[in-house]
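# Fold and contact review
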Amino acid sequence: MLEVVDLRCEYKVNPIGIDVRRPRISWKLKTDERAVLQTAYEIEVAADAEFSRIIWSSGKVESDQSTHVEIVDVQIASSTRYYYRVKSWSNKGDSSDWSAAAFWETGLLHTSDWSAHWIGAPAEVIAEDAEQSPLLRKSFELKADIRQARIYTTALGLYELELNGARVGDSYFTPGWTSYNHRLQVQTYDVTSMLQEGENAIGAMLGKGWYSGNLGWQDQKDIYGSQIALLLQMHIWYEDGSVETIATDEQWLASASPVLMSEIYHGETYDARLEQPGWSEAGFHDSAWQQAVRVERGLSQLVAQENEPVRKTGEIKPIALIQTPKGETVIDFGQNMVGWVRFRVRGDAGSTIEIHHAEVLDNDGNFYMENMRSAKVTICYTLKGADVETYEPRFTFQGFRYIRLIGFDAGVQLGDFTGIVLHSDMPAIGTFECSDPLINQLQHNIEWGLKGNFLDVPTDCPQRDERLGWTGDAQMFIRTATYLYNVAPFFTKWSRDLAADQLENGGVPFVIPNVLSKESHSSSAWGDAAVIVPWTLYMAYGDQRILEEQYSSMKAWVSYIQQQGDNPFLWNTGFHFGDWLGLDAKPDSYVGATDRDYIATAFYAYSTSLLQKTAAVLGKTEDAEYYAKLYADIVAAYTEEFVTPAGRLSVSTQTAQVLALMFGLLQGKAKERAVAKLMELMEESKFHLTTGFVGTPYLNHVLSDHGQLNTAYRLLFQQDYPSWLYQVTKGATTIWEHWDGIREDGSFWSKDMNSYNHYAYGAIGDWMYRCVAGIDTDEEKAGYKHIFVRPQPGDQLSWADGSLNTMYGSIRSKWSRAEDGAMELLVVIPPNTTATIVLPGADSDKTMESEIPLQQTEGISSVEQVENGVSMLAGSGEYRFTW
Ligand code: BGC
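Here goes a summary of the coordinates provided. (Residues numbered from 1 in each chain as written. Predicted model: local features only at pLDDT ≥ 70, side-chain atom pairs only at ≥ 80, totals over all residues. Heavy atoms only, no water.)

## A few points about the sheet that holds strand β11 (residues 134–142)
- Pairing within the open sheet is antiparallel, and its 6 strands lie in the order β14-β13-β16-β11-β19-β22. A strand with exactly one partner marks an edge of an open sheet, and here the two such strands are β14 (166–167) and β22 (290–291).
- In the sheet, β11 pairs with strand β16 (residues 198–207) via 8 bridges, with the strands oriented antiparallel. Within β16, the residue paired with L136 across the bridge is A204. (Pairing = 2+ DSSP bridges. Helix = DSSP H or I, 4+ residues; strand = E, 2+ residues; numbered from the N terminus.)

## Some remarks on helix α8 (residues 621–642)
- Over its 22 residues, α8 extends 31 Å from the first C-alpha to the last, a length consistent with the 32 Å expected when each residue adds 1.5 Å.
- When we look at burial in α8, the residues that qualify are A624, Y627, L630, I634, V635, A637, Y638 and F642. Here the buried residues of α8 occupy an arc of 165° about the axis, which is enough to place them on one side. Opposite the buried face of α8, at more than 90 degrees from it, the exposed residues are T621, E622, E625, K629 and E640.
- Elements that come into contact with the buried residues of α8 comprise α6 (544–562), α7 (596–617) and α9 (654–662). (Expected span 1.5 Å × (residues − 1). Buried < 20%, exposed > 50% of the residue type's maximum accessible area, 1.4 Å probe, protein only. Arc of directions from axis to C-beta. Contact = heavy atoms within 4.5 Å.)

## Concerning the sheet that holds strand β3 (residues 24–30)
- The strand order across the open sheet built from 3 strands is β1-β3-β7, with neighbouring strands paired in antiparallel fashion. The outermost strands of the open sheet, each flanked by one partner alone, are β1 (3–9) and β7 (69–70).
- Across 2 bridges, the pairing between β3 and β7 is antiparallel. Following the sheet pairing, I25 is matched in β7 by V69.

## Things to note about the site of the ligand
- Taken together, the residues surrounding the ligand are D460, R464, E466, W470, D473, W526, F577, W580, F693, E737, M753 and H758.
- Interatomic distance of 2.7 Å between a side-chain N/O atom of D460 and an oxygen atom of the ligand.
- With respect to the ligand, the side chain of E466 contributes an N or O atom lying 2.7 Å from an oxygen atom.
- Look at the ligand: alone it shows 310 Å² of surface, and the protein chains cover 97% of it.
- Broken down by class, the residue content of the shell around the ligand amounts to 6 nonpolar, 1 polar and 5 charged. (Near = heavy atom within 4 Å. Polar contact = N/O pair within 3.5 Å; in protein donor to acceptor, adjacent residues only side chain to side chain. Areas by Shrake-Rupley, 256 points an atom, 1.4 Å probe, with all protein chains shown as cover. Nonpolar A, V, L, I, M, F, W, Y, C, P; charged D, E, K, R; others polar.)

Without other data, these values stay purely geometric and don't point to any function.
Here's what the structure looks like:
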């Protein structure tokens, strides 16, 4: 039986408040049968869930497309729900019933839909330079028979809403961080069940957040503006067809809140004695409140929420209460995490307690905060004197494993503290496990690196005074991220901010959203995020629209490079971070030994090659030809500059060989020599890496792609410094910024640049999914429409098991080796995809000649056969190979 399931609109299940004019629909096929492919589909869009009022029908479309099908012909109106359903036909002569109905609902699409005004607290309530958070409220009467109600809202700063005393929604850090001068997200909430006939009240608390709080390490604030403000509009639809609107204006009232200070980096200061119980409820006495003031700000930047919001995604119970040698009381949560601590406390009114956050204890076991640099990461709470008081902050987050308690009484209990994990709530889609516990811990650390650094924007680190959208780090890690979570909406939002903040000449700021100085832009391997990020989303999710949307930004970046220096085919001018933190750096330098102009030209070639492919995907033939020619010219210039006539690379670092081989810059003899050189360098370093941010993500790929699989495994399994497992053996629960964040003797690398939660080196995750488990997609049929399963077992493992829930459904690749050496591979392929299974040892270039000792192929019943270790599968099924 064929079923259409898991309907999504713009990647989301029943999204509300979206503003996409031509929304895209994706679905999955469910079947027990093998080898099922879609041959046709039909989509209906209706005004009601019963589909009695059909707005649009695609008719039966002969097509195998089941992802990102555009709804082109529906005139989308504001505040409207559109129901849709899908039917599918398969190659088995089968057809499904209509799927269950799904929907999308629009938000306010036009600025003319808004009657609300921006409002803030007057100076009598919060003095202009004060740190305190304001409260805003409004009470209002409603008639009986409310059919439905929505709130559309956003803020300059951060907001938290309450309606009749209850929190609205489960999102945090709203409205999220975007390039606020160009784009500001609006959230939509369904509040139907929170309203009542008669008197109601709505309240909002505002915080400074990224808008006007401290950002960057140079003590900047008010980067986007100094006045925090709220814009809110509630629509109430009654059963009788009438509509009412409650909107922010000067009739709202303002007061000061108990939040005396809230800052992303510094934490929160809260005086519970200032609480006003019932402040967001009807009947609250607000006569002492002042009238809110209008804030001048337009509406032209408003866009609907794009990525999944930040939510609470988990709770962590602490594992130990520690008295440190210095006599301090410290709690260990056992996991370097990002979010905050919820705690219970008892004590006298007016007494104050503090919580400090740290990632590590020092060599002596004392609490260590120096690597937080100027971030104060302190929660300061003044008690009101209730029996038990529970508190958690709201407009700040911390990256920590340990907390230090100040001012708590002697009887503190571990059970009074809970770690609340917060990050962008994207669907988890990948798993990887293998027979080695240390590698599994490394996987865990990679995943926690992602969780901690995907809090609305992809950040370098979540703890010190940075937490910025460093382009280089994002570019290095994105492919790994696509295997762990569906990161398409997350990076779509960020890519739009990149385009918004891009310089007129195509230069790309070091961080997105850009909060650094004018000069801080366009380092090679950082700015290339403009091209690599959209291309990677296309590869992982088959998302062609992201390429269309970002195309001019991608082009602008390549043309920026073209304009640098005298030679349009080399990039040898300007500032570059180089192979950041490479271990072949000169003493006291952060920059690895690989020449910066070498890296710059290599990435110039790489970005141009991706742009050429993008042009081809988008059917821009002339552009594709232009970039193909440009690419050839860059490679020629690179060869002249860096490759001797005899084929030797003039830059002899690991990273130099890796980039040349990964980006396909060498041919024939020169290629062989680069592989040989890389192996020579490996031997010299006793099979340890010396690569930094730029070389590390590609190192193992290059080795396994060039016949050096054993060396790739050897690197991965090293346990002494420098290696991925070194930090695991030192107790890491996330990925470190430095290979030697904690040295052999227990001392720290340095205090000024030493994060213990930096995802960049977690890019090895990509190799584990793509080579160890062997799950990959095909550039020609991106988004896993055509799947490669090419596991490459290493001697150190007896099994590995990877899975990936793609837009088509779940892929699985699990291999195992029995004691007697017999191998088994279990493969699961979702419907409506094809797959090429390449068994270990088969050489896909020379399929016909190679000989795999293949003994039997079990459980294969339809189209496929195994020839010399390669099997072609079409459609759904579970397949088992033994040899
Ligand atoms: C960040 C990095 C970033 C780098 C630029 C650092 O401060 O933490 O991850 O890419 O600056 O080189």
